[in-house]
Amino acid sequence: MGKFIIKSSKAGFTFSLKAGNGEVIATGGGEVYNTLASVKNGIASVAKNAPEANLEDQTIEGFQTVNNPKFEIYKDKSGEFRFRLKAKNGEIIAASEGYVKKDSCKKGIASVRKNAVDAPVIEPEPEKK
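Just so it is clear, the model here is predicted, and its values are computed rather than measured.

J.: How should the nonpolar core be read in this particular structure?
T.: Where a protein is soluble and globular, its nonpolar side chains tend to be buried together. Ranked by size, the top nonpolar core spans 28 residues in total, and within it Phe4, Leu17, Val46, Phe71, Phe83, Leu85 and Val112 carry the most contacts. Every element with two or more residues in this core is listed here: β1 (3–9), β2 (12–18), β3 (24–27), α1 (36–49), β5 (70–75), β6 (81–86), β7 (92–95) and α2 (102–116). Ranked by the residues each element gives to this core, the list is headed by α2, at four residues. Excluding residues within four positions of it along the chain, Val112 makes contact with Leu17, Ile25, Ala26, Ala50, Phe71 and Phe83.

This is the structure in structure tokens:
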């Protein structure tokens, strides 16, 4: 079973979704949240949107644009396949690492769909004074 891990830094809060094997399958789309409540809202949005999100493969010539929420598969500057999850409002709420093979990228999306739904949220330890 997967889990969402919230990390705290001086800048704010970020999150990642880890699969049952401990591998990170998605991060919070590069966003840094100001409060614990707002990062939890971001996580809830991923959990809600991932299972029902459409799939748009932007690596195919003449690809069909689909409605949000959606996973977008694209190639980064180094030629690796990545995905990002967009909410209904079009905001990027989760993003992946780079994959050499498109099939691996698709497996990452399937893992997010499966793991995000009921993944527990692990909060950061309170700072000791």
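J.: Would you mind going over the packing of aromatic side chains with me for this structure?
T.: Each aromatic ring pair is specified by the distance between its two centres and by the angle formed by the two planes. Tallied over the full model, the rule gives four aromatic pairs. With a centroid separation of 6.2 Å and an interplanar angle of 35°, the aromatic rings of Phe15 and Tyr33 are classed as tilted. Separated by 18 residues along the polypeptide, Phe15 in strand β2 and Tyr33 in the loop between β3 and α1 bring together distant segments of the chain. Since its relative accessible area comes to 5%, Phe15 is described here as buried. Each member of the aromatic cluster is reached from another via a ring pair, and the members are Phe4, Phe15 and Tyr33. Directly above the ring of Tyr74 sits Arg84, whose terminal nitrogen or CZ lies 3.9 Å from the centroid.

J.: Mind showing me how you'd approach the pattern of salt bridges here?
T.: For the structure shown, the criterion picks out nine salt bridges. Salt-bridge contacts for Lys70 lead to Glu72; the nearest nitrogen and oxygen are separated by 3.5 Å. For Glu72, the salt bridge identified is with Arg84, shortest N-O distance 2.4 Å. In this pair, Glu72 is assigned in strand β5 and Arg84 in strand β6, connecting sequence segments 12 residues apart.

J.: So what exactly am I meant to see when it comes to α1 here?
T.: Residue pairs three or four apart in sequence face the same way in an α-helix, which turns once every 3.6 residues. Given a rise of 1.5 Å per residue, 14 residues ought to cover 20 Å, and the 20 Å separating the end C-alpha atoms of α1 matches this to within 8%. Taken together, the buried positions of α1 are occupied by Val39, Gly42, Ile43, Ser45, Val46, Ala47 and Asn49. Tucked into the core, α1 has its buried residues touching β1, β2, β6, β7, α2 and β8 (121–122).

Calculation notes
- Residues numbered from 1 in each chain as written.
- Predicted model: local features only at pLDDT ≥ 70, side-chain atom pairs only at ≥ 80, totals over all residues.
- Heavy atoms only, no water.
- Core = buried A, V, L, I, M, F, W, Y, C linked by side-chain atoms within 4.5 Å.
- Buried < 20%, exposed > 50% of the residue type's maximum accessible area, 1.4 Å probe, protein only.
- Helix = DSSP H or I, 4+ residues; strand = E, 2+ residues; numbered from the N terminus.
- Contact = heavy atoms within 4.5 Å.
- Phe/Tyr/Trp six-rings, centres within 6.5 Å; stacked < 30°, edge-to-face > 60°.
- Lys NZ or Arg CZ within 6 Å of the ring centre and 35° of its normal.
- Salt bridge = Lys/Arg side-chain N within 4 Å of Asp/Glu carboxyl O.
- Expected span 1.5 Å × (residues − 1).

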